[in-house]
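# Residue-level structural notes
Chain by chain, the residues run as shown.
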Amino acid sequence: MAISTVGTDGDDRAIEFLVAPRNGEGGGGDAGGGGAEEVEAAHFAIHREHDQGWEAARLTIDPLSGSVPIAAVEWAMEFAREYL
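The notes below deal with the structure included here. For every chain, the first residue of its written sequence is number 1, and the numbers climb from 1 along that sequence. Reporting of local features is limited, given that this is a predicted model, to residues whose pLDDT is at least 70; pairs of side-chain atoms are given and counted only at 80 or more, and all residues count toward the totals for whole chains, interfaces and linings. Excluded from the side-chain calculations are hydrogens and water; all other atoms, namely the structure's heavy atoms, are used.

### Examining the nonpolar core
Stated precisely, the cut-off is as follows: What is meant by a nonpolar core is a set of buried Ala, Val, Leu, Ile, Met, Phe, Trp, Tyr and Cys residues, joined one to another through side-chain atoms within 4.5 Å. Buried residues are those whose accessible area, probed at 1.4 Å on protein chains only, stays under 20% of the maximum for their type, while exposed residues exceed 50% and partly exposed ones sit between those limits. Each helix is a run of DSSP H or I of at least 4 residues and each strand a run of E of at least 2, with the numbering of both proceeding from the N terminus. Between two residues, a contact is recorded if the distance between any of their heavy atoms is within 4.5 Å.
Within the largest apolar cluster, 13 residues are counted, with the highest numbers of intra-cluster contacts made by Phe-17, Phe-44, Ile-46 and Val-68. Elements represented by at least two residues in this core include exactly strand 2 (14-20), strand 3 (42-47) and helix 1 (70-83). For this core, the leading source of residues is helix 1, giving 5 residues. Excluding residues that lie within four positions of it along the chain, Phe-17 makes contacts with Ile-3, Ser-4, Thr-5, Val-6, Ala-42, His-43, Phe-44, Ile-46, Trp-75, Ala-76 and Phe-79.

### Description of the pairing of strand 3
As a reminder of what qualifies: At least two DSSP bridges between two strands are required for those strands to pair.
Among the 6 residues that make up strand 3, 5 are buried, leaving the element largely enclosed by the rest of the structure. Pairing of strand 3 with strand 4 (residues 58-61), which is carried by 4 bridges, proceeds in the antiparallel orientation. Counted as the bridge partner of His-47 is Arg-58 from strand 4.

Have a look at this one:
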């Protein structure tokens, strides 16, 4: 899994992330007749109110993204706490 930041709102209250599978990740493998699943990139944002800390942050997932790995959300929260 590769996580990258897409951008912030300029006020350090929201940050967007893109999660994409690394080459060779995801899917069920090619052996044995089953094809590999196509894993889509996921787009999500975490945001907080002006006078609140990141512990009270909310998560917004792009409806077209499908699912977001929980490890990506945990990493994003740690990133926000550390750098914003």
